[in-house]
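# Architecture and fold: a report
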Amino acid sequence: MQKLIINGGKRLRGEITVQGAKNAALPILAASVLCGGEVVLHNCPRLSDVYSAMRILTYLGCGAGFDGTEKNTVTVNTSVLDKYEISDKLMREMRSSIFFLGALVGRTGRCRLSFPGGCDIGRRPIDIHISALRKMGVTVNEEYGCIDCLCENRLKGAKIPLSFPSVGATENIILAAVLAEGTTEITNAAREPEIACLAEFLNRCGADIRGAGSSTVVINGVSSLHGCEFEIMPDRIAAATYLACTAAAGGEIIVKGCVPRHLDAVNAVFEQSGCSVHCTEDSVFFGALKPLKAVDIIRTMVYPGFPTDCQAFVMAALCRGEGTSVFVENIFENRYSHTEELRRMGADIRTEGKVAVVTGVKRLYGAKISAPDLRGGAGLAAAALSAEGTSEISGVCHIDRGYEDIEGVLSSLGADIRRI
Ligand code: EPZ
């Protein structure tokens, strides 16, 4: 089991270019199943979740791999697809394998897979996904932990109001609808930028999707799709992570190659805490040159609100804020596992249900801590950068699911961090 060793107390300085977005790459890799040809994806991050998605594609009979020359270019060829089911082992590797449900049903009319594992942050039901597929004419049997989908004829377009603007459900419906007969209209759709990125990819492959990124998405089914070449959007959560690391440790950095407006809600919180934020077309100039102030209340919300994925590492930065910050986690029911580890470092955090009360302390102390999940692990890294002394973070495999070379990026900003 690998660990990160961080000697805290060093301010960060320098500039980085942010990685491609994990939460765009994963649905797009699944969407390549619908194309029946060759897809070339640039700016694809080298993450364990991306490798898991490529193992699923290979298992289905497709070709998928990183290009030998271009570090972040992936080529996928789905002209051959000789399965419509995904093994339990592969499903358990990554919850996001659920995107293959919509893609496989969309292309073959069949799909059999085990329920995706819940994960550390919550139960992760897929009831919204399943009820949508049933509206499109898919027979879905759920038994013995498996989902078995069958649609004898072509899927039918349908009007699909969502009970909750679920990101994954919105994406899965789009994947199932692009080759369906007729029009599908999703209302109360999720508006995360990764959905617009997925739609842009599919439209470049010949799909007809309008309104992605807004709460009403209309998909006119087409008869077939072709391959394309596409650039994955920048990862807004990874960008926010490195800003939070700087807020925690102090210093000044520039995050390049991002879409600043995707960070509006989290940048507003950084500014409330006293950080300086200046945005250009594709970069954020960020400074944390004085002790942070507490932020009264931070509510996680669906996009464009404050992202739930930013909660852990913004909390880590505010552990030493002057005053008391209150977090309300409205999206997932178990997303405070990192608070126990932060308390080991001297943080003063009390949680009760959705609420976490963070009372700023003068200093945090390096400790042996364990990453409970992907973003919680990133939060521990941010806290370790601001702590006095050495921290040893285990469970780095969680962090590697979403961050490409986190120790390389932080080292380039002057952090004293190494992987063992
Ligand atoms: C996506 O997960 C992201 N993952 C998550 O990022 C992100 O936290 C989440 O959206 C919210 O923004 C990917 O894109 C791969 P949801 P997803 O469906 O699609 C409930 C990360 O750290 N719900 O919008 O699973 C669900 O339980 C990951 O990168 C149902 O009740 O999120 C949750 O409470 C973590 N029934 C809420 O909706 C359903 O059928 C939001 O879930 C589906 C969801």
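So, a few notes on the structure that sits alongside this text. As the structure is a prediction and not an experimental result, all values here were calculated from the model.

Attention now goes to the nonpolar core. If you look at the biggest cluster of nonpolar residues, it comprises 83 residues, and the most contacted ones within it are Phe100, Val178, Phe201 and Leu202. Looking at this core, the element that brings in the most residues is helix α1 (residues 22-31), giving seven residues. Once you skip the residues sitting within four places of it in the chain, phenylalanine 100 turns out to touch Ala30, Val33, Ala53, Ile56, Leu57, Leu60, Ile86 and Cys111.

Under the counting rule described, the total for this entry stands at four aromatic pairs. Relative to phenylalanine 230, the ring of phenylalanine 201 has its centre 5.6 Å away and its plane inclined at 75 degrees; by these criteria the two rings are edge-to-face. Of the two residues, phenylalanine 201 is situated in helix α7 (residues 193-204) and phenylalanine 230 in strand β14 (residues 229-231); the sequence distance between them amounts to 29 residues. The exposure class of phenylalanine 201 is buried, given its relative accessible area of 0%. Plain terms: the ring middles of tyrosine 242 and tyrosine 403 are 6.3 Å apart, the flat faces sit at 80 degrees to each other, and that makes the pair edge-to-face. Taken as a pair, tyrosine 242 in helix α8 (residues 236-249) and tyrosine 403 in the loop between α13 (396-400) and α14 (406-412) lie far apart in primary sequence, 161 residues in all. Here arginine 46 stacks its cationic end above the ring of phenylalanine 66, 4.2 Å away from the centre of that ring. In this structure, lysine 83 packs its charged tip against the face of tyrosine 59, placed 4.5 Å from the ring centre.

For the pair α1 and α7, interaxial distance at closest approach is 9 Å and the crossing angle is 30 degrees. The two elements α1 and α7 meet at a crossing, and its hand is right-handed. The residues of α7 that touch α1, namely those facing Asn23, Ala24, Pro27, Ile28 and Ala31, are Glu194, Cys197, Leu198, Phe201 and Leu202. Taken together, the residues that form the contact of α1 with α7 break down as eight nonpolar, one polar and one charged.

Here we come to the site of the ligand. Around the ligand, 23 residues are found, and the nearest of them are Asp127, Ser166, Gly168, Asp309 and Ile331. In the environment of the ligand, an oxygen atom lies 3.4 Å from a nitrogen or oxygen atom belonging to the backbone of proline 125. Between the ligand and isoleucine 331, the relevant distance is 2.6 Å, taken from an oxygen atom to a main-chain nitrogen or oxygen of the residue. Burial of the ligand by the surrounding chains reaches 88%, relative to a free accessible area of 830 Å².

With that settled, consider the sheet that holds strand β4 (residues 63-66). The four strands are arranged β4-β5-β3-β14 in an open sheet whose pairing can be described as mixed. Of all the strands in the sheet, the pair left with one neighbour each is β4 and β14. The average undirected angle you get between the axes of adjacent strands in this sheet is 15 degrees. Judged from the four bridges that link them, β4 and strand β5 (residues 74-77) form a sheet pairing that is antiparallel. In the strand pairing of β5, alanine 64 is matched with valine 76. Against the sheet, helix α2 (residues 48-59) contacts β4 and β5, and its axis sits at roughly 155 degrees relative to β4.

This paragraph deals with the environment of alanine 244. When you line up the elements, alanine 244 lands in helix α8. The spatial distance from the C-alpha of alanine 244 to the C-alpha of valine 314 is 5.7 Å, given a sequence separation of 70 residues. Those residues in contact with alanine 244 that sit more than four places away from it in its chain are Phe270, Phe313, Val314 and Ala317.

Rules of the game
Residues numbered from 1 in each chain as written. Predicted model: local features only at pLDDT ≥ 70, side-chain atom pairs only at ≥ 80, totals over all residues. Heavy atoms only, no water. Core = buried A, V, L, I, M, F, W, Y, C linked by side-chain atoms within 4.5 Å. Buried < 20%, exposed > 50% of the residue type's maximum accessible area, 1.4 Å probe, protein only. Helix = DSSP H or I, 4+ residues; strand = E, 2+ residues; numbered from the N terminus. Contact = heavy atoms within 4.5 Å. Phe/Tyr/Trp six-rings, centres within 6.5 Å; stacked < 30°, edge-to-face > 60°. Lys NZ or Arg CZ within 6 Å of the ring centre and 35° of its normal. Axes fitted to C-alpha atoms, helices over the stretch in contact; angles between N-to-C directions. Left-handed = near helix turned anticlockwise from the far one by under 90°. Nonpolar A, V, L, I, M, F, W, Y, C, P; charged D, E, K, R; others polar. Near = heavy atom within 4 Å. Polar contact = N/O pair within 3.5 Å; in protein donor to acceptor, adjacent residues only side chain to side chain. Areas by Shrake-Rupley, 256 points an atom, 1.4 Å probe, with all protein chains shown as cover. Pairing = 2+ DSSP bridges.

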